[in-house]
Amino acid sequence: MTEQPLNFYSSKPEPVHFERQCGECSECCKWLYYIINGHIKHPGKPCFYLGDNCTVHEIRPQSCRDYHCAYIQGIVPEWMKPSRSKVLINVEKWGPNKEYPMLRVIECGKKLEAEVLSWLVQYSRNTGVGLIYQLSGVWNYFGPDAFMEFFKDQILQVEFENPFLKEEPQKLNTPIKGKY
């Protein structure tokens, strides 16, 4: 199988057609955060339009149309289809004018597997495309120096908000039941 060239979406209004199809995959309908027709769709909760498949796909809301799946675009290999790999890989732009490509990798109910992360890191090294990825629910950044510098403030903020880095132990609102 030959890899297709990097095909990041454009902001042009004309529709973009890709060879791959969603088929049985509906991970984006389950794991992305959206506001759809005034309703909040939280990660881990299926969209209320989702039956066996999307019940409104042809007239789906703009927030759904704006999702740019790297699998559908042919950027990632077939084995990384979200329904198989349990990761969503969104194609986005970064930079002062959003001029540079990046991939945002979202875990879909299970930890990002080493094989997937290894492929993504190698892809980033080969192409210079930045990565923002979840690993056990924590956001991580990887990419060229300019990418890392651009996101430096977000990276530091995440580190300082990490409850494991605080000196004071975290207090729980509810008691833990069971034996210790």
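Let me sum up the structure you'll find in this document. (Residues numbered from 1 in each chain as written. Predicted model: local features only at pLDDT ≥ 70, side-chain atom pairs only at ≥ 80, totals over all residues. Heavy atoms only, no water.)

1. Focus: the sheet that holds strand 6 (residues 138-142)
Just so we agree on the cut-off: Two strands are counted as paired when DSSP detects at least two bridges linking them. Helix and strand definitions here come from DSSP, where helices need a minimum of 4 consecutive H or I residues and strands a minimum of 2 consecutive E residues; each element is numbered from the N-terminal end. Orientation is described by axes fitted as lines to C-alpha atoms, over the contacting stretch for helices, and by angles from 0 to 180 degrees between their N-to-C directions.
Pairing is mixed across the open sheet formed by 4 strands, whose spatial order is 3-4-5-6. Since the sheet does not close on itself, it has two edges, and those belong to strand 3 (87-94) and strand 6, each with one partner. The sheet shows a mean angle of 20 degrees between the axes of neighbouring strands, taken without regard to direction. Bridge count between strand 3 and strand 4 (residues 100-107): 8 bridges; the pairing is antiparallel.

2. Observations concerning the pairing of strand 3
Let me state the cut-off plainly: Under the scheme applied here, a residue whose accessible area is under 20% of the maximum for its type counts as buried, over 50% as exposed, and between as partly exposed, the area being computed with a 1.4 Å probe on protein chains only.
The buried fraction of strand 3 amounts to 7 of the 8 residues, a majority that puts the element mostly inside the structure. Remark: 5 residues form the turn of the hairpin made by strand 3 and strand 4, two consecutive strands paired antiparallel; glycine 95 in that turn has positive phi of roughly 115 degrees.

3. Topic: the packing of aromatic side chains
Basically, it comes down to this: Two aromatic rings, drawn from Phe, Tyr or Trp (for Trp, its six-membered ring), form a pair once their centres lie within 6.5 Å of each other, and the interplanar angle then sorts them: stacked below 30 degrees, edge-to-face above 60, tilted otherwise. Only Lys NZ and Arg CZ are tested; either one counts as a charge over a ring when it is within 6 Å of the ring centre and within 35 degrees of the ring normal.
In this structure the tally under the stated criterion is 9 aromatic pairs. Here the aromatic rings of tryptophan 94 and phenylalanine 147 are separated by 5.3 Å at their centres, their planes lie at 80 degrees, and the arrangement is edge-to-face. With tryptophan 94 in strand 3 and phenylalanine 147 in helix 5 (residues 145-150), the pair connects residues that are 53 residues apart, well separated along the chain. The class for tryptophan 94 is buried, based on a relative accessible area of 7%. Take phenylalanine 147: its relative accessible area is 0%, and that puts it in the buried class. For the ring pair tyrosine 141 and phenylalanine 151, a centre distance of 5.5 Å and an interplane angle of 35 degrees mean the geometry is tilted. On the criterion of sequence distance, the pair formed by tyrosine 141 in strand 6 and phenylalanine 151 in the loop between helix 5 and helix 6 (152-161) is long-range, its members being 10 residues apart. Each member of the pair, tyrosine 141 together with phenylalanine 151, is buried. For arginine 104, the ring lying beneath its charged end belongs to tryptophan 139, and the centroid distance is 5.8 Å.

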